Amino acid sequence: MSDSMTIHLRVWRQAGPESKGKFVNYTVADVNSHMSFLELLDVLNEQLIHAGDDPVEFDHDCREGICGACGVVIDGVAHGPQQRTAACQLHMRHYQDGDMLVLEPWRATAFPIIRDLVADRSALDRIVAAGGYVSVDTGSAPDANSILISKNELEGAFDFAACIGCGACVAACPNASASLFTGAKIAHLSGLPQGRPERKERAVAMVEQMQKEGFGDCSNHGECEAVCPKGISIAAIAIMRREYMKAKLA
Amino acid sequence: MAHPLSANVPDGRLQEKWDNYKNQIKLVNPANKRKHTVIVVGTGLAGGSAAATLAELGYRVNSFCIQDSPRRAHSIAAQGGINAAKNYPNDGDTVWRLFYDTIKGGDYRSREANVHRLAQISNEIIDQCVAQGVPFAREYGGHLDNRSFGGAQVSRTFYARGQTGQQLLLGAYQAMCRQISTGQIIMFERREMLDLVVIDGYARGIITRDLVTGKIERHIADAVLLCTGGYGNVYYLSTNAKNSNVTAAWRCHRKGAYFANPAFTQIHPTCIPVSGDYQSKLTLMSESLRNDGRVWVPKKVGDSRLPQDIPDDERDYYLERRYPSFGNLVPRDVASRNAKYACDEGRGVGETKLAVYLDFRESIDRLGKNKISERYGNLFEMYERITGENPYEVPMRIYPAVHYTMGGLWVDYELQSTIPGLFVLGEANFSDHGANRLGASALMQGLADGYFVIPYTLGNYIASTKLTDADTSHAAFVEAETAATEKLDRLLSIQGTKTVTEYHRDLGRIMWDNVGMSRTAEGLETAVGLISTLREEFWENVRIPGEKTHYNKNLEFAGRVADFLELGELMARDALMRNESAGGHFREEYQTEDGEAQRNDEDFAFVGAWEYTGQNQDPKVHQEYLDFENVQLTTRSYK
Ligand SMILES: Cc1cc2nc3c(=O)[nH]c(=O)nc-3n(C[C@H](O)[C@H](O)[C@H](O)COP(=O)(O)OP(=O)(O)OC[C@H]3O[C@@H](n4cnc5c(N)ncnc54)[C@H](O)[C@@H]3O)c2cc1C
Ligand code: FES
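An account of the accompanying structure is given in this report. (Residues numbered from 1 in each chain as written. Chains lettered and ligands numbered in written order. Predicted model: local features only at pLDDT ≥ 70, side-chain atom pairs only at ≥ 80, totals over all residues. Heavy atoms only, no water.)

## Examining the overall build of chain A
Link 1 in the chain: When helices and strands are counted, chain A shows eight helices and seven strands.
Link 2 in the chain: Buried positions account for 60% of the 250 residues belonging to chain A.
Link 3 in the chain: Taking as baseline every contact in chain A between residues at least 6 positions apart, the subset at least 24 positions apart corresponds to 70%.
Link 4 in the chain: By element, 50% of the accessible surface of chain A is carried by carbon and sulfur atoms, the whole surface being about 9,400 Å².
Link 5 in the chain: Placing the 23 positive and 32 negative side-chain charges of chain A at their respective mean positions leaves the two points 8 Å apart. (Helix = DSSP H or I, 4+ residues; strand = E, 2+ residues; numbered from the N terminus. Buried < 20%, exposed > 50% of the residue type's maximum accessible area, 1.4 Å probe, protein only. Contact = heavy atoms within 4.5 Å. Areas by Shrake-Rupley, 256 points an atom, 1.4 Å probe, with all protein chains shown as cover. Lys, Arg positive; Asp, Glu negative; His and termini not counted. Charge placed at Lys NZ, Arg CZ, Asp CG, Glu CD.)

And the structure:
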């Protein structure tokens, strides 16, 4: 049941933001099919350390698809081949003995590379800081059930709130646009009564911040939706545009 | 033994203590708040809510986290829900009941006044989160929905699909972002706190390492809030995120903060079993699954038939059998121990025989697949991704895993540690869960501490403390920075033959085998010896690649494993000192005839708070006696 495989890896190595990177080939023997993809990288790294080499740096934390820390382009696809799955939840049973995997970091002007597969995604935080919140000070909230929200409305907003902020949408987009990320937050908050009072200011500020950070424009390729580990719908982008236009016209 | 510790619990009836406290404390003038800087280490539910709220009040906040964004703190992974005594379902819940269930669930090893305050505050948390836009589940009529969790007979758990922690954390993170945008919070991400700086006996700052450039930095403030989470990763395998660690808390401990009840750890009953040596972490399947899933093993030892081929009368639904009134919803410690017994008897299932079934067949028949998928869809999906098996068709295989640590830095009623000016919030403190935490109460505690407790208690501290003028050139900063740098240099200079992960895994095995679900004096003594030997070996033989001047995960982890190697020993000592069984701390010598935990209230109704006395010196335990004035200590019975 747990078959052992040999996997070849071609990994992007880059010492620092200013350094020139290159691909380096490695082979890992005895890969167990129950292993996760990140565990494969762990095994590779142990091998490298024992051999006196520098391990491959990659971001990770929860390893269960929710924190958004991990992010590797595997064979040209952000987070790899399995749909709706972050790289940390990808398991080696999807590969076969002798396969070669090409691993690269997120690539986007707005995401400078820190080292190897680690990119700086702080631009996403700055987009949220521009307006991705409800302005409510602690202690000033009314009773939770005084705001009624229909189940459908709630679930609709939740689908957008599920974004984990991993940046795969940016990495997959030919224009390196952050529209799905930004749209998801705008759609979450404008989709609920709590978020409506500030919807105009929010849409304008977040969209403008996104542009300022050097993300590209959306030209409806849909690659973002295809790689999103949470399956966030590209409808978010339409909502973002509508919110932005309405705010600008008003 | 040393002086008993006083928790500074305010006077008055239990129900009035928090109000009395708030009525009597000193306040900081609004215009003066901006003259005070507060360091908040950690951006999980505790740190995120504290940072945002203090900034709203006007304090200048410097906030720190290890991850590349505050939104990625480990709290993001919480699945099941958050408790509150709203009593929306009208099923008899009250503040008192939430308080009582929590104290009882903790096996009477927590402080009444803290737990009662927590229950009182619980409702405000829900209000606050909803106002932020947290999408808690709703009924068709638009009202909030609740579900029940282990250890309670009412439905008081609010949830947001199977990702409650994510939504609550995003609420706190967004509240932080609002303050970051105005400069009220300065956010330092990818920073690790390496030491606490104490000046004239007061916590005044921290030393951090920039994890990208390796630069060591000094930060000064009027108070330091430690919100750095739990230490479950001392077991190597746990459900905690990989970056969860004890370093910040441990280094404060070495600077004088007492560490309370380190042996009180929670082993969660429903996790996906280990599949091999390469395993890097364990995944929790939310306890909420026990609402609709039935736990069983075959009656026969060594029965290797497929689960679907085992007829109902040859299955042992052991929780329902042993605990008819709570059934599958017994508290975690009880559920975990019973799974272990079933496997110890040879009735475990799956390839490794270290698993039991969690079966949804009956509820799928009763409620339909859609209802089950609505409730647990994302958990089922997660399970299938990891195991390759479809839980709609075959029962899940689950096994207990380390999940939460009730112990932590000792704090008084104001959440202040034994170092004045060092406050500890969330999982990093020991305060509210005694010897066992009930489900859905950690999120509640983290947010209670951050949104509603610390704004008062920190204000009282600042208003009543006169600090000396100091800046980061103070000798205490120089000394702490030098020590931190030397430690890194020393780690890098060893260049031995074993990796950090290998040492961590070795430590984890010692901890799991001897300081895990079931403990004995003999095993604990063995553990103390094994850990100290392993620690010595680590400092002679660890191999850390790279330099300290660049992003270097192995170097980060080396520092954390070094601290775990000290903490692990303290945990074993604490477990050895506590000659009783209480909650998650089960000593085989102390059990009833039918195998339930046997407390010893006469001798052990206290918090054991350990003082660090120096490298390789025996630590000293101080006691905070727990006075139970409002609840009667009974034997927990879930039968
Ligand atoms: C899988 C899982 C599911 C759970 N589900 C539930 C649930 O349904 N209900 C419930 O009530 N509880 C649940 N819990 C428990 C709960 O999630 C945690 O106890 C709680 O989130 C801890 O929050 P915290 O703010 O104290 O710490 P954390 O969220 O762990 O945050 C710690 C923060 O400190 C930072 N930090 C740590 N060390 C340093 C350092 N040295 N320097 C700088 N920064 C540092 C980290 O970067 C992070 O920002 C669950 C736990 C797990 C593991
Ligand atoms: S490591 Fe958290 S989403 Fe992958």
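That was the structure; now back to the text.
## Brief notes about the interface of chain B and chain A
Accessible area lost upon the coming together of the parts is a frequently used measure of interface size.
Link 1 in the chain: The partner chain A presents 76 residues to the 79 residues of chain B that form the contact.
Link 2 in the chain: Interface of chain B and chain A: buried area, both sides summed, is about 6,500 Å²; carbon and sulfur atoms make up 50% of it.
Link 3 in the chain: Counting across the chain B and chain A interface gives eight salt bridges.
Link 4 in the chain: D137 of chain A serves as the salt-bridge partner of R178 of chain B, at 2.9 Å between the closest nitrogen and oxygen.
Link 5 in the chain: At the surface where chain B touches chain A, the tally comes to 56 residue pairs in polar contact (both at pLDDT 80 or more). (Buried area = accessible area lost by both parts, 1.4 Å probe. Salt bridge = Lys/Arg side-chain N within 4 Å of Asp/Glu carboxyl O. Polar contact = N/O pair within 3.5 Å; in protein donor to acceptor, adjacent residues only side chain to side chain.)

## Some remarks on the packing of helix α13 (residues 475–494) of chain B against helix α15 (residues 521–541) of chain B
Residue and element names in this part refer to chain B.
Link 1 in the chain: The N-to-C vectors of α13 and α15 enclose an angle of 80°; their axes lie 7 Å apart at closest approach. The angle between α13 and α15 places the two elements in the roughly perpendicular class. On the side of α13, the interface is formed by K487, R490, L491 and I494, while α15 contributes F538, W539, E540 and N541.
Link 2 in the chain: Of the residues assigned to the contact of α13 with α15, the class counts are four nonpolar, one polar and three charged. (Axes fitted to C-alpha atoms, helices over the stretch in contact; angles between N-to-C directions. Parallel < 35°, antiparallel > 145°, perpendicular 65-115°, else oblique. Nonpolar A, V, L, I, M, F, W, Y, C, P; charged D, E, K, R; others polar.)

## Observations concerning the environment of A171 of chain A
Residue and element names in this part refer to chain A.
Link 1 in the chain: Tracing the sequence through the fold places A171 in helix α4 (residues 168–172).
Link 2 in the chain: On a C-alpha basis, the gap between A171 and Q47 in space is 29 Å, while along the polypeptide they are 124 residues apart.
Link 3 in the chain: If near-sequence neighbours (up to four positions away) are discounted, A171 is found in contact with A78, W106 and R107.

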